[in-house]
Amino acid sequence: MDFHVIKTKQFPLSDGILGTKKQSDETSKEQKIGIASLPEENINSKKKRKVDVLDCTSCEHVNKEGNEEPHNSYLYKNLDLAFPSVKRRSLQWRKIIRNNLDLDYTLLFPCDVADSLLQVLENELDYFTGDLAKIHIFGKWLDVPRKQVTYGDPGLTYKYSGIVRPAQPWPQPLEAVRDLLGNVTGYNFNFVLVNRYKDGSDKMGEHKDDERDLDSQAPIASVSLGQARDFYFRHQDTKPPKKLNIEKVLLQLQHGSLLLMNPPTNQFWYHALPPRKSAPGVRINLTFRKIIPH
DNA sequence: AACATAACAGTCGT
DNA sequence: TACGACTGTTATGT
């Protein structure tokens, strides 16, 4: 069996490009704020990687044991061993503060770990079909322009925009990510919404995660895997008829990144993942939430 | 009972 | 031309 897939570097791990864009008017000019390279702790250096990430040595070890385990079991073992090392890394956080917006962004996973996690999720996850793949909005039932599935603690549901998404039992790799996020953030998430964007034509429209059954004290933790995609926040009062001139906040969500949307961001700001025809790859996004049981 | 809308279609500008 | 930014839905649920 060929285990080399774990070493595949499909997606480069690079800095996020953050910036803001002026509200559309005659002076509209894009103003980009480059984010400096991550300092000293160069996560792309091979030396650091040996420390942080399980490499081929352990692959071969498992192989030579004559272990006939299926491919995915092998990947699971790597993630279990790799995650504690992620926890120990000193993460470089970027804080983004605006009027009632509060974000934290970091590159959580080394590239190899992010690649493995993406592969495991691609192999393991089944997405909703039928009614659960539709959304009710402006009086119409429409297919969501992406794939979705939700997991969480038994009995939990997530309601938004007139639909109900039931928690499926936690798959092992998402449990592992949930526990890692508990360590990194200090919050115990009990639910995750998975969105899969097959390419740059898949998208998500503007909305606020301001549902009543979300714990208003907890952030929403968004993990991005695969194709980097543009993402933006837009203040609610920039919409007609108010049209206040508050700048958008633009981000590029990188492979292996974690974005924390802290309160009260989702009370005041919409966010969206616009289509990007030039972004060909698959992206999987995990938004971990804390839902108040009812 | 105001109010918001995780979607699309249409317009306009580049 | 195609893409991206922006506007207006529309009938239902809260």
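The rules behind these values
Residues numbered from 1 in each chain as written. Chains lettered and ligands numbered in written order. Predicted model: local features only at pLDDT ≥ 70, side-chain atom pairs only at ≥ 80, totals over all residues. Heavy atoms only, no water. Helix = DSSP H or I, 4+ residues; strand = E, 2+ residues; numbered from the N terminus. Buried < 20%, exposed > 50% of the residue type's maximum accessible area, 1.4 Å probe, protein only. Areas by Shrake-Rupley, 256 points an atom, 1.4 Å probe, with all protein chains shown as cover. Near = heavy atom within 4 Å. Polar contact = N/O pair within 3.5 Å; in protein donor to acceptor, adjacent residues only side chain to side chain. Contact = heavy atoms within 4.5 Å. Phe/Tyr/Trp six-rings, centres within 6.5 Å; stacked < 30°, edge-to-face > 60°. Lys NZ or Arg CZ within 6 Å of the ring centre and 35° of its normal. Pairing = 2+ DSSP bridges. Axes fitted to C-alpha atoms, helices over the stretch in contact; angles between N-to-C directions. Expected span 1.5 Å × (residues − 1). Core = buried A, V, L, I, M, F, W, Y, C linked by side-chain atoms within 4.5 Å. UniProt positions renumbered as here; feature names shortened; annotations may be inferred.

Q: Could you give me a rundown of the overall build of chain A, with the residues and numbers involved?
A: Counting its regular elements, chain A contains 6 helices and 17 strands. Counting only residues that meet the buried cut, chain A has 50% of its 294 residues in that class. Carbon and sulfur atoms provide 52% of the accessible area of chain A, an area that totals close to 14500 Å².

Q: How would you sum up the protein's contact with DNA strand B? Please name residues and give values.
A: As a structural note, the neighbourhood of DNA strand B is formed by 20 residues, with Tyr-158, Tyr-160, Ser-161, His-207 and Tyr-270 the closest of them. Among atoms of DNA strand B positioned within 4 Å of the protein, sugar and phosphate together represent 46%. Within the side chain of Tyr-158, a nitrogen or oxygen atom sits 2.6 Å from a base nitrogen of DNA strand B. The backbone of Gly-205 places a nitrogen or oxygen atom 3.0 Å from a phosphate oxygen of DNA strand B. Breaking the surface near DNA strand B down by element, the ones donating at least two residues are strand S5 (134-137), strand S8 (157-160) and strand S11 (204-207). Here the surface near DNA strand B gets 4 residues from one element, more than from any other, and that element is S11.

Q: Outline the environment of Leu-180, supporting the account with residue identities and numerical values.
A: Relative to the assigned elements, Leu-180 resides in helix H5 (residues 172-185). The spatial distance from the C-alpha of Leu-180 to the C-alpha of Pro-84 is 7.7 Å, given a sequence separation of 96 residues. Other than its neighbours up to four places away in sequence, Leu-180 contacts Phe-83, Val-86, Lys-87, Leu-108 and Phe-109.

Q: Quick rundown of the packing of aromatic side chains? Include the residues and the values.
A: Counted under the stated rule, the structure contains 6 aromatic pairs. Aromatic pair Tyr-158 and Tyr-160: ring centres 5.5 Å apart, planes at 50°, arrangement tilted. By relative accessible area, which is 1% here, Tyr-158 ends up buried. Residue placement shows Lys-248 over the ring face of Tyr-232; its charged tip is 4.0 Å from the ring centre.

Q: Explain the sheet that holds strand S17 (residues 283-289) residue by residue, including any values.
A: Taken in spatial order, the 7 strands line up as S3-S4-S15-S12-S17-S10-S7 in an open sheet, and their pairing is antiparallel. A strand with exactly one partner marks an edge of an open sheet, and here the two such strands are strand S3 (94-98) and strand S7 (147-152). Pairs of neighbouring strands in the sheet enclose a mean axial angle of 15°, with direction left out of account. Where strand S10 (residues 191-197) lies against S17, 7 bridges are found, and the strand directions are antiparallel.

Q: Requested: an account of H5, with residues and values cited.
A: Its 14 residues place the ends of H5 20 Å apart at the C-alpha level, agreeing with the 20 Å of an ideal helix rising 1.5 Å per residue. When H5 is considered as a whole, its buried residues turn out to be Pro-173, Leu-174, Ala-176, Val-177, Arg-178, Leu-180, Leu-181, Gly-182 and Thr-185. Positive backbone phi, at 85°, marks Gly-186, one or two positions downstream of H5.

Q: Let's hear about the nonpolar core: which residues, and what values?
A: Grouped together as the largest cluster of nonpolar side chains are 35 residues, with contacts concentrated most on Phe-109, Leu-286 and Phe-288. For this core, the secondary-structure elements that each account for two or more residues are helix H3 (71-88), helix H4 (111-124), S7, H5, S10, strand S12 (220-226), strand S15 (257-261) and S17. It is H4 that contributes the most residues to this core, 6 residues altogether. Membership of the second largest hydrophobic core comes to 27 residues, among which are Leu-103, Tyr-160, Leu-259 and Ile-291.

Q: Provide a residue-level description of unusual backbone geometry, including the pertinent values.
A: Of note, the bond from Pro-240 into Pro-241 is cis; its omega dihedral lies within 30 degrees of zero at 5°. Relative to the elements of secondary structure, Pro-241 occurs in the loop between strand S13 (229-235) and strand S14 (248-253). With an omega dihedral of 5°, the bond running from Pro-263 to Pro-264 counts as a cis peptide bond. Of note in this structure, Asn-100 is not a glycine but carries a positive phi near 65°. You can see Asn-100 is positioned in the loop between S3 and strand S4 (101-107). We note that Lys-243 has phi near 55°; this positive angle belongs to a residue other than glycine.

Q: Which residues make up the UniProt feature "binding site: 2-oxoglutarate" (unreviewed entry) in chain A, and what values go with them?
A: Taking the UniProt record as the reference, the feature "binding site: 2-oxoglutarate" (unreviewed entry) is found at Asn-195, Tyr-197, His-207, His-271, Arg-283, Thr-287 and Arg-289. One can find Tyr-197 in strand S10. Take Tyr-197: its relative accessible area is 1%, and that puts it in the buried class. Other than its neighbours up to four places away in sequence, Tyr-197 contacts Arg-146, Asp-202, Lys-203, Met-204, Arg-229, Leu-273, Gly-281, Val-282, Arg-283 and Asn-285. Within the secondary structure, Arg-283 sits in strand S17. Residues in contact with Arg-283, not counting those within four places in the same chain, are Asn-195, Arg-196, Tyr-197, Ser-224, Leu-225, Gln-227, Arg-229, Leu-253 and Leu-273.

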